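Notes for the structure review
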Amino acid sequence: VVMWAGDSRLYRLRKESIELLTRDHNQIADLYERGGISEQEMLEADTNVITRAVGGQVNLHLDVAAFNIEADDTLLLCSDGLYREIDAVTMASALCLPVEQAVSTLMSRCLAGTARDNVSVVVTRAA
């Protein structure tokens, strides 16, 4: 189970296929979900304004998602500083590596680019 507010994301890599398990809380993501823009347009848009954040409202509504974990599934929790700099194919490739090497590779690739925002990366793998 994952609960969240904001625009940090949780991805799951299963058998070399990466899947986004969360949804960003911003107006651009809302527009994308309604079919108003493409995924690429969503990623390129200035979305620094989030519609939900811990400590941002008196009454915070958290989204909740439940999903199955299988042996060898790899989970990536990251900030927009990572997923705006590295595409899903590159993320999936890095997540196939041992966990410590995956984190190092993701951070290195991100910081080698424009690194327009802060970067947070947590990777774990199910046994």
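That block above? That's the structure.
What comes next concerns the included structure. Keep in mind the model is a prediction, meaning the values are calculated, not measured.

Let's talk about the nonpolar core
As a rule of thumb, soluble globular proteins bury nonpolar side chains together. Formed by 17 residues in total, the largest nonpolar core has its most connected members in L76, L82, M91, L95, L106, V121 and V123. Of all the secondary-structure elements, those providing two or more residues to this core are β2 (9-14), β5 (74-78), α3 (80-83), α4 (88-95), α5 (99-112) and β6 (121-125). A per-element tally of this core places α4 first, with 4 residues. Those residues within four positions of L76 in sequence are excluded, and the remaining contacts are R9, L10, Y11, L82, M91, L95, L106, V121, V122 and V123. One finds W4, L10, L21 and L75 within the second-largest nonpolar core, a separate group that totals 7 residues.

Notes on the side chain of R12
Relative to the elements of secondary structure, R12 occurs in strand β2. For R12, a relative accessible area of 7% corresponds to the buried category. Of the polar contacts made by the side chain of R12, one reaches the side chain of E19; its length is 2.6 Å. Of note is the side chain of R12, whose polar atom sits 2.6 Å from the backbone oxygen of N68.

Topic: the packing of α4 against α5
The geometry of a pair of packed helices is captured by two quantities: the angle between their axes and the separation between those axes. For the pair α4 and α5, interaxial distance at closest approach is 8 Å and the crossing angle is 150 degrees. With respect to each other, α4 and α5 are oriented roughly antiparallel. Residue-level contacts link T90, M91, A94 and L95 of α4 to A102, T105, L106 and R109 of α5. Each residue belonging to the contact of α4 with α5 can be placed in one class, and the counts come to 5 nonpolar, 2 polar and 1 charged.

Brief notes about the packing of aromatic side chains
Tallying each qualifying case throughout the model produces 0 aromatic pairs. Of note, R9 hangs over the ring of Y83, and the distance from its end group to the ring centre comes to 3.7 Å.

Focus: the side chain of D63
You can see D63 is positioned in strand β4 (residues 63-65). For D63, the side chain forms a polar contact with the side chain of H25, separated by 2.7 Å. Once residues within four sequence positions are removed from consideration, D63 is found in contact with V2, M3, W4, H25 and R52.

Structural notes on unusual backbone geometry
Even without glycine at this site, K15 takes up a positive phi of about 50 degrees. Mapped onto the secondary structure, K15 falls in the loop between β2 and β3 (17-20). Judged by relative accessible area, which is 74%, K15 ranks as exposed. For D72, which is not a glycine, the phi torsion comes out positive at approximately 75 degrees. Residue placement: D72 occurs in the loop between β4 and β5. On the basis of relative accessible area, D72 is assigned to the exposed category, the value being 57%.

Quick word on the pairing of β5
Of all 5 residues in β5, 4 are buried, a share of seventy percent or more. Pairing geometry for β2 and β5, over 5 bridges, is antiparallel. By the bridge assignment for β5, Y11 is matched with L76.

Conventions and cut-offs
- Residues numbered from 1 in each chain as written.
- Predicted model: local features only at pLDDT ≥ 70, side-chain atom pairs only at ≥ 80, totals over all residues.
- Heavy atoms only, no water.
- Core = buried A, V, L, I, M, F, W, Y, C linked by side-chain atoms within 4.5 Å.
- Buried < 20%, exposed > 50% of the residue type's maximum accessible area, 1.4 Å probe, protein only.
- Helix = DSSP H or I, 4+ residues; strand = E, 2+ residues; numbered from the N terminus.
- Contact = heavy atoms within 4.5 Å.
- Polar contact = N/O pair within 3.5 Å; in protein donor to acceptor, adjacent residues only side chain to side chain.
- Axes fitted to C-alpha atoms, helices over the stretch in contact; angles between N-to-C directions.
- Parallel < 35°, antiparallel > 145°, perpendicular 65-115°, else oblique.
- Nonpolar A, V, L, I, M, F, W, Y, C, P; charged D, E, K, R; others polar.
- Phe/Tyr/Trp six-rings, centres within 6.5 Å; stacked < 30°, edge-to-face > 60°.
- Lys NZ or Arg CZ within 6 Å of the ring centre and 35° of its normal.
- Pairing = 2+ DSSP bridges.

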